[in-house]
Amino acid sequence: MDRSVVTIAPTPPYHFDLTSAYATNYPGHYGADINQEGLFPRLLDSRGHPHLVTVRALGRVVSPLLEVEIEKADTGLDDALISQAKRQVAWIFGTDQNLAPFYRMAMNDSVAGPLVRGLKGLHIPHTASVYEALVLAILGQQISSHVARVVRTLLIQTYGPSAEVSGVTYYAFPPPEAIVAAGMEGLRAIKFSARKAEYVVGIATRVASGKLDLEGLQHQSDEEVVRTLLGIRGVGLWTAQWLLIRALGRTDGFPHGDLALQRLLGLLMDKGAPFSPEEALEYSRRWSPFRSYVTTYLFAAARSGRFASLSRGGQVGP
DNA sequence: GGCCAGGTTCGCT
DNA sequence: AGCGAACATGGC
C-alpha cells in the first residue's frame, strides 16, 4: 500500500467543521461521505485507480490548514495522482473561495448580515463532478432529504467501486458505466422510480459514450450552463440552479423554485407565509452576485436550528 | 391511513 | 400559457 500526506492552506476565514458539515449534512457511515471523529475519509476513483483521501483540519478559522492523507490499496501512488487528489480535495471543500466580497455585501444588508453572524468561515462545498451532482439532484427531486439519503446510500454501496483500506471498505460514486450496467431494473431495485431511473440511465449512457460533456460546463457562462442543462430530460430550473451552486462553483445561483427556500425566506422576513417563487427571485436580486452564498448560509442556518419551526419539521403558516 | 416532501414531465384546457 | 396528475417511498 502506498501512502502520502499533503497540506492545503484554505483562504481565511475558513471554518472546516461548518463547511464539511454542509457537505455531508448528516452523521454516520453512509457511502461516500463519512465523518469519523473529525476525519473525513473519501474514496476517489480516478479511472479505475481508487484511492482514499482522509481530510482533517489543523489550525483555526483565521489561520486554517487542512491535512490530507492519501492512501492507495495497491501501489502506484505517483506525484500526478497526489496533486490531482489535492486539487480535488481543495475543490470539494471549497478552500479557494474568498468570502470577503460576500461579507462586505452582507454587512450592509439587514437580512444577509444576521445570517452571516455565527457562520463565519463557511465556504461552499462542491461535488466531485458535475455528473455526480446531476445524478444526486435528480435522485433528490421532490423526495424528503431522508429518503434521498437512503436511496443515495444504496446507489453508492450497490454500484459504486469499492476498496478496502486498513480493514475498512470504502465506496466511490458509481461512474456512468456502472449505472449503464445496472440499467433501469438495477435502479428500480434500489427504490428509484421508473421515471427517475429512466432519466439517470439516459444521462449515464450519454456521458459514458461522450455525447454529453457535463464537465465541460465548467467553461460555459451561467446562462449557457442553464440552457444546456434544461435540455436534459429530468432537469428543470431548480436542478440547474442547484448545480450552479454545488457543482460548478458559481457565486450567483439561486434555486427560487425550492420549497424549503421559499419557506425560509417567509420566516426570515416575518411574512407569515412562504414566498412565492416569483417573490423569492425578485427579492434575491439585492444579493446578486452572491446569491449562492446567501442560499448556502440560509440552509446552514436552518440546519443549525436557527429557524425553530423548521428544525421541528413543522409547517410554516399563520 | 392520508398527506406531503429541498421537482419534472406529460397531457389537458 | 397555465393547471393537475403521476411518479415511489418514508416519516409524521
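Shown above is the structure to which this text applies.
Here the structure is a predicted model, which means the values were calculated and not measured.

Conventions and cut-offs
- Residues numbered from 1 in each chain as written.
- Chains lettered and ligands numbered in written order.
- Predicted model: local features only at pLDDT ≥ 70, side-chain atom pairs only at ≥ 80, totals over all residues.
- Near = placed C-beta within 6 Å.
- Helix = DSSP H or I, 4+ residues; strand = E, 2+ residues; numbered from the N terminus.
- Pairing = 2+ DSSP bridges.
- Axes fitted to C-alpha atoms, helices over the stretch in contact; angles between N-to-C directions.

Undergrad: Can you walk me through the protein's contact with DNA strand C in this structure?
TA: Inspection of the region around DNA strand C gives 11 residues, with His146, Val147, Lys191, Ser193 and Ala194 positioned closest. Of all the elements in the fold, those that place two or more residues in the surface near DNA strand C are helix H6 (145–159) and helix H8 (194–208). The greatest single-element share of the surface near DNA strand C, amounting to 3 residues, is contributed by H6.

Undergrad: Sorry, what's going on with the sheet that holds strand E4 (residues 40–46) here?
TA: Strand-to-strand pairing in sheets goes through backbone hydrogen bonds, with the strands running parallel or antiparallel. Spatially, E1-E6-E5-E4 is the arrangement adopted by the 4 strands of the open sheet, whose pairing is antiparallel. Where the open sheet ends on each side, the last strands, each with one partner, are strand E1 (2–8) and E4. Pairs of neighbouring strands in the sheet enclose a mean axial angle of 25 degrees, with direction left out of account. Examined bridge by bridge, E1 and strand E6 (residues 64–72) share 7 bridges and lie antiparallel to one another. Note that in E6 the partner of Val5 across the bridge is Glu69.

Undergrad: Just checking my understanding: could you explain the pairing of strand E8 (residues 168–171) for this structure?
TA: Where a strand is regular, its side chains alternate between the two sheet faces. Of the strand pairs in this sheet, strand E7 (residues 162–165) and E8 are connected by 4 bridges, and their pairing is antiparallel. Counterpart to Ala163 in the pairing with E8 is Tyr170. Remark: 2 residues form the turn of the hairpin made by E7 and E8, two consecutive strands paired antiparallel; Ser166 in that turn has positive phi of roughly 50 degrees.

Take it as geometry only, folks, not as evidence of what the structure does.
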